[in-house]
Amino acid sequence: MSEALVASSAPVTDPSVTGASGARQFWRRLLAQRAALVAAAVVALLVLVAIAAPLLTAIEGQDPTTYHPSLVDSARGGVPVGSFGGLSTDHWLGVEPQTGRDLFARLVYGARVSLGVALGATVVQVLIGVVVGVAAALGTRWVDQLLSRFTEIILAMPLMIMSLALLAIVPTSFPRPLLVALVIGLIAWGNVAKITRAQTLTLKGLDYVAAARLSGWGTWRIARRELLPGLAAPVITYAALLVPMNISVEAALSFLGVGVKPPTPSWGQMLTAADVWYQAAPQYLLLPAGALFVTVLALTVLGDGIRTALDPRAASRLSIGTGRRREARADADTADVSAGADANAGADATGRKEERA
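All figures in this text were calculated on a predicted structure; none of them were measured in a lab.

### A few points about the overall build of the chain
When helices and strands are counted, the chain shows 14 helices and two strands. Classification of the 357 residues of the chain by burial places 39% in the buried group. Across the chain, the fraction of contacts at a sequence separation of at least 24, relative to all contacts at a separation of at least 6, is 72%. When the accessible surface of the chain is summed, it comes to about 19,200 Å², and 67% of that surface belongs to carbon and sulfur atoms.

Given below as structure tokens:
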């Protein structure tokens, strides 16, 4: 219950109790989805690997930038010496063709770049989109028209082409991972703004927002205290789905040669150099491609689970692991109990009529 409703003599409800109850319901719904739990475990493992990359490479005794020319066969064009791409106790996943750099070290450090760029771009998108969407919904008609048209222009811009243009003209001295995150975030916030504006317009018509306005609260105080909590669910849901999309965009930009520059490792950059080695050293292509596939899949499934947990009325896009069978069974049991109660009530009423007769 908002403070405005309390001020207008509405029934008092402890907001901490309401928030705690909503949080418990969210976690209960999320824990009922096995697919979302598995995806969350995979994402947590990937984040842990990215954070612990220096420790993992120190245990292996390698680093992502040191060349090992003795581990590649220069007579054959730089193919790794040995079986399975130079796999050994010193190089757990083999070595990179031509350079001999450790593949495991580059893979775990690449997770840092891919996940960091995706998360940074998502934060920028959410911040800009929420500010523009709320301002458009709460502003005057002219402000709404101006911001809405500007958002449509942003949405009409092709993300990849604009990113290629911006990344090509920025000096190489600028930190590349940060630049990629900023470029993606500054170009791709339009959908967040549209979702935020639509949801804010819906919330504006609710009673507690009207009560806040009647109590004399300013526009931005209403937005901060009354509207932003209501925007949390749709914004968090869409942000969870933005992360895998941004990982794919970062990989595509690195693959095209305008993303993260060597020697900084990136999964997309590794795929760029691996396209000519898929026959001689297939693990050099399969490992980063598999890491990207697993990461994007896990984040997509987790985002879908968060969406259905925040909004139980929304149907999951997944056909397995969502707990829908258990929910359907519980609904059927509830319906059977209700039907039985109605039947018993009808029988009792009939019996009473017969007794009167």
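Still more to cover.
### Topic: the confidence of the model for the chain
A residue-level look at the chain finds 81% of positions with pLDDT of 70 or above and a mean pLDDT of 81. Segment residues 1-18: pLDDT under 50, and 22 contacts once partners within four positions in sequence are set aside and those in other chains are kept.

### Some remarks on a nonpolar patch on the surface
Taken together, F174, L178, L182 and L186 make up a surface patch of nonpolar side chains, about 330 Å² in accessible area. Tracing the chain through its elements places L182 in helix α8 (residues 176-187).

### Here's the deal with the pattern of salt bridges
One side chain can pair with another of opposite charge once the charged atoms of both are near each other. Counting across every chain of the model gives five salt bridges. When the shortest N-O distance is used, the salt bridge between E96 and R106 registers 3.5 Å. Of this pair, E96 sits in the loop between β2 (79-80) and α5 (103-138) while R106 sits in helix α5; the two residues are ten residues apart in sequence, bridging distant segments of the chain. Relative accessible area serves as the criterion here: at 0%, R106 is assigned to the buried category. For D144, the salt bridge identified is with R197, shortest N-O distance 2.8 Å. Of this pair, D144 sits in helix α6 (residues 141-156) while R197 sits in helix α9 (residues 190-204), and the two are 53 residues apart along the sequence. Through salt bridges with shared partners, one network takes in E96, R101 and R106.

### Observations concerning the packing of aromatic side chains
Taken as a whole and assessed by the stated rule, the structure comprises three aromatic pairs. For the ring pair W92 and F104, a centre distance of 5.0 Å and an interplane angle of 55° mean the geometry is tilted. Taken together, the residues span a long stretch of sequence, with W92 in the loop between β2 and α5 and F104 in helix α5 at a distance of twelve residues. Of the residues examined, F104 reaches a relative accessible area of 13% and is grouped as buried. Here F150 and W189 contribute two aromatic rings whose centre-to-centre distance is 5.8 Å and whose plane-to-plane angle is 40°, an arrangement assigned as tilted. Taken together, the residues span a long stretch of sequence, with F150 in helix α6 and W189 in the loop between α8 and α9 at a distance of 39 residues. Using a relative accessible area of 42% as the deciding quantity, one classes F150 as partly exposed. The ring of W142 is capped by R141, whose NZ or CZ atom sits 4.9 Å from the centre of that ring. Positioned over the ring face of W217 is R221, at 4.2 Å from the centre of the ring.

### Some words on the packing of α5 against α6
Running from N to C, α5 and α6 point in directions that differ by 145°, and their axes come no closer than 7 Å. Judged by the twist between their axes, the crossing of α5 over α6 is left-handed. Between α5 and α6, the contacting residues are V132, A135 and A136 on the first element and V143, D144, L147 and T151 on the second. Looking at the contact of α5 with α6 residue by residue, the classes come out as five nonpolar, one polar and one charged.

### A short note on α9
Its 15 residues place the ends of α9 21 Å apart at the C-alpha level, agreeing with the 21 Å of an ideal helix rising 1.5 Å per residue. Those residues of α9 lying buried are G190, V192, A193, T196, T200 and L203. One face of α9 carries all of its buried residues, which in axial projection span an arc of 150°. Elements in contact with the buried residues of α9: α5, α6, α10 (207-214) and α11 (219-255).

### Quick look at the side chain of D102
Among the structural elements, D102 can be located in the loop between β2 and α5. This buried residue, D102, is left without a salt bridge; R106 holds the nearest opposite charge, at 8.8 Å. Polar contacts involving the side chain of D102 include one to the main-chain amide nitrogen of F104, which spans 3.3 Å. Setting aside residues up to four positions removed in sequence, D102 forms contacts with E60, Q62, D63, D90, H91, W92 and G94.

### Notes on the environment of T295
Along the chain, T295 falls in helix α13 (residues 282-310). It is 7.3 Å that separates the C-alpha atoms of T295 and P244, two residues lying 51 residues apart in sequence. When neighbours within four sequence positions are excluded, T295 is seen to be in contact with L46, L115, I247 and W267. Within polar-contact distance, the side chain of T295 engages the backbone oxygen of A291 at 2.7 Å.

### So, the nonpolar core
In this structure, I247, W267, M270, Y284 and L292 are the most contacted members of the largest nonpolar core, which totals 32 residues. Mapped onto this core, the elements with two or more residues apiece are α2 (15-31), α3 (34-51), α5, α11, α12 (267-274) and α13. Ranked by the residues each element gives to this core, the list is headed by α13, at nine residues. Listed in part, the 16 residues of the second largest apolar core include L203, V209, L227 and Y238.

Definitions and limits used
- Residues numbered from 1 in each chain as written.
- Predicted model: local features only at pLDDT ≥ 70, side-chain atom pairs only at ≥ 80, totals over all residues.
- Heavy atoms only, no water.
- Helix = DSSP H or I, 4+ residues; strand = E, 2+ residues; numbered from the N terminus.
- Buried < 20%, exposed > 50% of the residue type's maximum accessible area, 1.4 Å probe, protein only.
- Contact = heavy atoms within 4.5 Å.
- Areas by Shrake-Rupley, 256 points an atom, 1.4 Å probe, with all protein chains shown as cover.
- pLDDT = per-residue confidence, 0-100.
- Patch = residues over 30% accessible without salt bridge, like charges linked within 9 Å, V, L, I, M, F, W, Y side chains within 5 Å.
- Salt bridge = Lys/Arg side-chain N within 4 Å of Asp/Glu carboxyl O.
- Phe/Tyr/Trp six-rings, centres within 6.5 Å; stacked < 30°, edge-to-face > 60°.
- Lys NZ or Arg CZ within 6 Å of the ring centre and 35° of its normal.
- Axes fitted to C-alpha atoms, helices over the stretch in contact; angles between N-to-C directions.
- Left-handed = near helix turned anticlockwise from the far one by under 90°.
- Nonpolar A, V, L, I, M, F, W, Y, C, P; charged D, E, K, R; others polar.
- Expected span 1.5 Å × (residues − 1).
- Arc of directions from axis to C-beta.
- Lys, Arg positive; Asp, Glu negative; His and termini not counted.
- Polar contact = N/O pair within 3.5 Å; in protein donor to acceptor, adjacent residues only side chain to side chain.
- Core = buried A, V, L, I, M, F, W, Y, C linked by side-chain atoms within 4.5 Å.

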